[in-house]
Amino acid sequence: MSLNELIETHNTELFMNHEHFAEWHTWNGVRIQTVVDEETALKRKNNNVNDISWDNNVSETLIYTPVKAFPGKPKINTMVVYDGKSMLVRQSQEDMGMYTIVLTSQEAKVL
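Just so you know, these numbers come straight off a predicted model, no measurement behind them.

1. Here we look at the overall build of the protein chain
Moving on, step 1. If you tally the helices and strands in the protein chain, you get two helices and six strands.
Moving on, step 2. Helices and strands appear in the protein chain in the N-to-C order α-β-β-α-β-β-β-β.
Moving on, step 3. Scored against the burial criterion, the 111 residues of the protein chain give a buried share of 32%.
Moving on, step 4. A fraction of 53% describes how many contacts in the protein chain between residues 6 or more apart in sequence connect residues 24 or more apart.
Moving on, step 5. With the model as given, the accessible surface of the protein chain reaches about 7100 Å², and the carbon-plus-sulfur share is 50%.

Right, here's the structure in full:
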């Protein structure tokens, strides 16, 4: 088994396993498997998970999702409807069969 096949198996059987990390969400009305990482999104935003005092009413969501099951390639600076909310694709990266996508929305973060 090649390294890529081993990583893809690991992603499918562990990371995208609903008993471990994965959850179902919707992307433009299509049901997708994702792992949401709010802590990393916050750290990427202000580099300190404990201090959100300068939050400018922009909420960030970072998701991981398998490339094979995703409906098309996410395009940066396009609007999508993620879980019924209009959001902007800020960043998108493909790595080892997974997309890492950063979404932003114009709403205050709920503490």
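Continuing now.
2. Regarding the nonpolar core
Moving on, step 1. Trp27, Ile32, Ile63, Phe70, Val80, Tyr82, Met87, Val89, Tyr99, Ile101 and Leu103 together form the largest nonpolar core, which totals 11 residues.
Moving on, step 2. Contributions of two or more residues to this core are made by strand 4 (79-82), strand 5 (85-95) and strand 6 (98-105).
Moving on, step 3. Top contributing element to this core by residue count: strand 6, with three residues.
Moving on, step 4. When near neighbours in sequence (up to four residues on either side) are disregarded, Leu103 contacts Trp27, Ser59, Glu60, Thr61, Ile63, Val80, Tyr82, Met87, Leu88 and Val89.

3. Quick notes on the packing of aromatic side chains
Moving on, step 1. Within the structure shown, the criterion is met by three aromatic pairs.
Moving on, step 2. With centroids separated by 4.9 Å and ring planes inclined at 65 degrees, the aromatic side chains of Trp27 and Phe70 adopt a geometry described as edge-to-face. With a gap of 43 residues between them, Trp27 in strand 1 (residues 23-27) and Phe70 in the loop between strand 3 (59-66) and strand 4 connect regions that are remote in the sequence.
Moving on, step 3. Ring geometry for Trp27 against Tyr82: centres 6.5 Å apart, planes inclined by 70 degrees, an arrangement best described as edge-to-face. Of this pair, Trp27 sits in strand 1 while Tyr82 sits in strand 4, placing them 55 residues apart in sequence.

4. A closer look at the side chain of His25
Moving on, step 1. With respect to the secondary-structure elements, His25 resides in strand 1.
Moving on, step 2. The class of His25 is buried, set by a relative accessible area of 13%.
Moving on, step 3. A distance of 3.0 Å separates polar atoms of two side chains, one belonging to His25 and the other to Glu23.
Moving on, step 4. Those residues in contact with His25, other than ones at most four positions away along the chain, are Val30, Arg31, Ile32, Thr34, Val36, Tyr82 and Asp83.

5. Quick look at the environment of Val30
Moving on, step 1. Here Val30 lies in strand 2 (residues 30-36).
Moving on, step 2. The spacing of Val30 and Val81 is 51 residues in sequence and 9.7 Å in space, taken between C-alpha atoms.
Moving on, step 3. Among all residues touching Val30, those that are not within four sequence positions of it are His25 and Pro71.

6. Describing the pairing of strand 5
Moving on, step 1. Both strand 4 and strand 5 contribute to a ladder of four bridges, which runs antiparallel. Its bridge partner lying in strand 5, Val80 is registered against Met87.
Moving on, step 2. Where strand 4 folds back onto strand 5 in an antiparallel hairpin, the turn is made up of two residues, including Asp83, whose phi is positive at roughly 50 degrees.
Moving on, step 3. Here strand 5 pairs with strand 6 via seven bridges, running antiparallel. From the neighbouring strand, Gln93 faces strand 6, where its bridge partner is Thr100.
Moving on, step 4. Where strand 5 hands over to strand 6, the hairpin turn is made up of two residues, of which Met96 adopts a positive phi near 55 degrees.

Calculation notes
Residues numbered from 1 in each chain as written. Predicted model: local features only at pLDDT ≥ 70, side-chain atom pairs only at ≥ 80, totals over all residues. Heavy atoms only, no water. Helix = DSSP H or I, 4+ residues; strand = E, 2+ residues; numbered from the N terminus. Buried < 20%, exposed > 50% of the residue type's maximum accessible area, 1.4 Å probe, protein only. Contact = heavy atoms within 4.5 Å. Areas by Shrake-Rupley, 256 points an atom, 1.4 Å probe, with all protein chains shown as cover. Core = buried A, V, L, I, M, F, W, Y, C linked by side-chain atoms within 4.5 Å. Phe/Tyr/Trp six-rings, centres within 6.5 Å; stacked < 30°, edge-to-face > 60°. Polar contact = N/O pair within 3.5 Å; in protein donor to acceptor, adjacent residues only side chain to side chain. Pairing = 2+ DSSP bridges.

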